[in-house]
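The lines below spell out each chain.
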Amino acid sequence: MEDCLAKKMEITVSEAEKRTGRNAMNIQETYTAYLIETRAVESQSEGQCAPVDSLWRRYSEFELLRNYLSVTYPHIVVPPLPEKRADFVWHKLSADNMDPDFVERRRIGLENFLLRVASHPVLCQDKIFYAFLTQEGGWKEMVNETGFQLKADSRLKALNATFRVKNPDKRFTELKHYSDELQSVISHLLRVRARVADRLYGVYKVHGNYGRVFSEWSAIEKEMGDGLQSAGHHMDVYAASIDDILEEEEHYADQLKEYLFYAEALRAVCRKHELMQYDLEMAAQDLTSKKQQCEELATGTVRTFSLKGMTSKLFGQETPEQREAKIKVLEEQIQEGEEQLKSKNLEGRDFVKSAWADIERFKEQKNHDLKEALISYAVMQISMCKKGIQVWTNAKDCFSKM
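Residues numbered from 1 in each chain as written. Predicted model: local features only at pLDDT ≥ 70, side-chain atom pairs only at ≥ 80, totals over all residues. Heavy atoms only, no water.

A.B. asks: So what's going on with the overall build of the protein? Which residues, and what values?
C.D. replies: On a plain count of helices and strands, the protein comes out with 13 helices and three strands. Split into buried and exposed, the 402 residues of the protein put 38% on the buried side. Restricting to contacts in the protein with at least 6 residues of sequence separation, those with at least 24 account for 75%. Here the protein displays about 23800 Å² of accessible surface, and carbon together with sulfur accounts for 53% of that area. (Helix = DSSP H or I, 4+ residues; strand = E, 2+ residues; numbered from the N terminus. Buried < 20%, exposed > 50% of the residue type's maximum accessible area, 1.4 Å probe, protein only. Contact = heavy atoms within 4.5 Å. Areas by Shrake-Rupley, 256 points an atom, 1.4 Å probe, with all protein chains shown as cover.)

A.B. asks: So what's going on with the packing of helix H4 (residues 100–119) against helix H5 (residues 127–134)? Residues and values would help.
C.D. replies: The interhelical angle for the contact between H4 and H5, taken along N-to-C directions, is 140°, at an axis separation of 11 Å. Relative to H5, the element H4 lies oblique. Regarding H4 and H5, the two cross each other, and that crossing is left-handed. Across the interface between the two elements, Leu-114, Val-117 and Ala-118 from H4 touch Phe-129, Phe-132 and Leu-133 from H5. For the contact of H4 with H5, the residue count by class is six nonpolar, no polar and no charged. (Axes fitted to C-alpha atoms, helices over the stretch in contact; angles between N-to-C directions. Parallel < 35°, antiparallel > 145°, perpendicular 65-115°, else oblique. Left-handed = near helix turned anticlockwise from the far one by under 90°. Nonpolar A, V, L, I, M, F, W, Y, C, P; charged D, E, K, R; others polar.)

A.B. asks: Hey, could you go over the packing of aromatic side chains for me, with residue numbers and the actual values?
C.D. replies: Under the definition given, this model contains twelve aromatic pairs. Here Phe-62 and Phe-132 contribute two aromatic rings whose centre-to-centre distance is 5.2 Å and whose plane-to-plane angle is 75°, an arrangement assigned as edge-to-face. Placement of Phe-62 in helix H3 (residues 59–72) and of Phe-132 in helix H5 is noted, with a sequence separation of 70 residues between them. Residue Phe-62 is classed as buried on the basis of its relative accessible area of 0%. (Phe/Tyr/Trp six-rings, centres within 6.5 Å; stacked < 30°, edge-to-face > 60°.)

A.B. asks: Would you mind going over the environment of Pro-320 in detail, with residue names and values included?
C.D. replies: Tracing the backbone shows Pro-320 in helix H13 (residues 320–400). Since its relative accessible area comes to 52%, Pro-320 is described here as exposed. Expressed as a C-alpha distance, the spacing of Pro-320 and Leu-297, which sit 23 residues apart in the sequence, is 9.8 Å.

A.B. asks: Let's hear about the environment of Met-380: which residues, and what values?
C.D. replies: Along the chain, the position of Met-380 falls in helix H13. Overall, Met-380 belongs to the buried group, its relative accessible area being 7%. When the C-alpha positions of Met-380 and Ile-245 are compared, they lie 8.7 Å apart, and in sequence the two are 135 residues distant. The residues touching Met-380, leaving out its near neighbours within four places in the chain, are Ile-245, Glu-248, Glu-249 and Tyr-252.

A.B. asks: How would you sum up helix H10 (residues 225–240)? Please name residues and give values.
C.D. replies: Its 16 residues give H10 an end-to-end C-alpha distance of 23 Å, which sits within 8% of 22 Å, the value for a rise of 1.5 Å per residue. Where H10 is concerned, the buried positions are Gly-225, Gly-227, Leu-228, Ala-231, Gly-232, Met-235, Tyr-238 and Ala-239. Looking straight down H10, one finds its buried side chains confined to an arc of 160°; they lie on one side. (Expected span 1.5 Å × (residues − 1). Arc of directions from axis to C-beta.)

A.B. asks: How would you sum up the nonpolar core? Please name residues and give values.
C.D. replies: Among soluble globular proteins, nonpolar side chains are generally buried collectively. Among the nonpolar cores identified, the biggest contains 34 residues, and Leu-114 and Leu-133 are the most heavily contacted of them. Of all the secondary structure elements, the ones that give two or more residues to this core are strand E1 (9–22), strand E2 (28–40), H3, H4, H5 and helix H6 (139–145). Setting aside anything within four residues of it in sequence, one finds Leu-114 in contact with Ile-11, Val-13, Ile-36, Phe-62, Phe-129, Phe-132 and Leu-133. (Core = buried A, V, L, I, M, F, W, Y, C linked by side-chain atoms within 4.5 Å.)

A.B. asks: If you had to explain empty space enclosed by the protein to someone new, which residues and values would you point to?
C.D. replies: To locate leftover empty space, one rolls a probe as large as a water molecule over the atoms. Considering all chains together, one arrives at one cavity of 30 Å³ or more under this definition. Lining the largest cavity are Val-165, Pro-168, Asp-169, Phe-172, Thr-173, Lys-176, Cys-270, His-273, Glu-274 and Gln-277. Sorting the residues of the lining of the largest cavity by element identifies helix H9 (170–218) and helix H11 (242–299) as the ones contributing at least two each. It is H11 that provides the largest number of residues to the lining of the largest cavity, a total of four residues. Of the residues belonging to the lining of the largest cavity, the class tally is four nonpolar, three polar and three charged. (1 Å grid on protein atoms, 1.4 Å probe; cavity = no way out; pocket = protein on both sides within 12 Å on 5 of 7 lines; lining within 4 Å. Points joined across faces, edges and corners; volume = space filled by probe spheres on them.)

A.B. asks: Kindly report on the sheet that holds strand E3 (residues 53–58), identifying the contributing residues and their values.
C.D. replies: Taking strand neighbours across the sheet as the criterion, the three strands line up as E1-E2-E3 in an open arrangement whose pairing is antiparallel. Of all the strands in the sheet, the pair left with one neighbour each is E1 and E3. The average angle at which neighbouring strand axes cross in this sheet is 25°, direction not considered. When E1 meets E2, the two strands line up antiparallel, connected through 13 bridges. Within E2, the residue paired with Thr-12 across the bridge is Glu-37. Packed on one face of the sheet, H3 meets E2 and E3 and runs near 90° to E3. Each of E1, E2 and E3 is contacted by H5, which is oriented at about 100° to E3, the strand it contacts most. (Pairing = 2+ DSSP bridges.)

Spelled out as structure tokens, the structure:
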């Protein structure tokens, strides 16, 4: 961790800007660009003021970076991006992806994504990630040169692997189930929070009716008027405070959403392992088949039905020379297959070792982050309750002075 990029460079996404331009289809579009600022830490420690480098990136560029990292480092739980469009929102909150409050939260989320990658012991060393932070142009070409799109596994192949792997690793199967359950639990928690926010908003705003009624009442009372007017003022302030409170609460919801999306990153690692296991089993099956064919040709006996065997019976047997040539080709294929199988076995063991090390790192991070987020959310709720008690305490004092 001492060598990670986050220790050597300050990284911030300092602002967001609404822009209009034309996309690849030459269609006019409105989008948001984010300003990334970086500054070297080393020169600051020497008492010098390091210059700030800055460049603008679109959300789609962040997506390209993350897709590249996911394909290039299949054994790593790659940090997720913040949501592109608001989800799990309470009814007064805008779901518009151009809403200033949502754009601000997404700016914070994108900065968090960059800091997560810059703090990761492996991802932080990636040259293309560094280029994304420091080079205005050219980094996309670097991505395309890696051929990462060709490395991306097709959905159909991934689906086949899920249903056809004969000997799945129990640890990855359990991890996949855990990620499904984690996503389900956090989704439910976010839905409950949105409903509570709706009700809380209503309760606070209804207190504004107290303010209006007390104010109207004060107009017809001489001795009690000042006390009623003051109490009404406290109620109005209380009712107005809910907008800022729930906006602040949304940041805690975003911390939970990050782990909602992390669950998909966990599943992606499990899918990669399934694909590797599937390829390994297919290679082993193909090698067994070739060995059997070679044995049948060498002994002249056919143990399994095949179209070729039936054809040879109908149209005559092969000559010894033809049989020898086929055996030679099969022996070469068997040797190649054995080497390939050995390579896939080694690759699979390396993947499991690296993936499990990163999963353990992720679990430690997750436990710390969710604990902090839940404690902060509880502290905020306690603070809100205290404000409510204070409002009614103030109202009580106003009534006592009447």
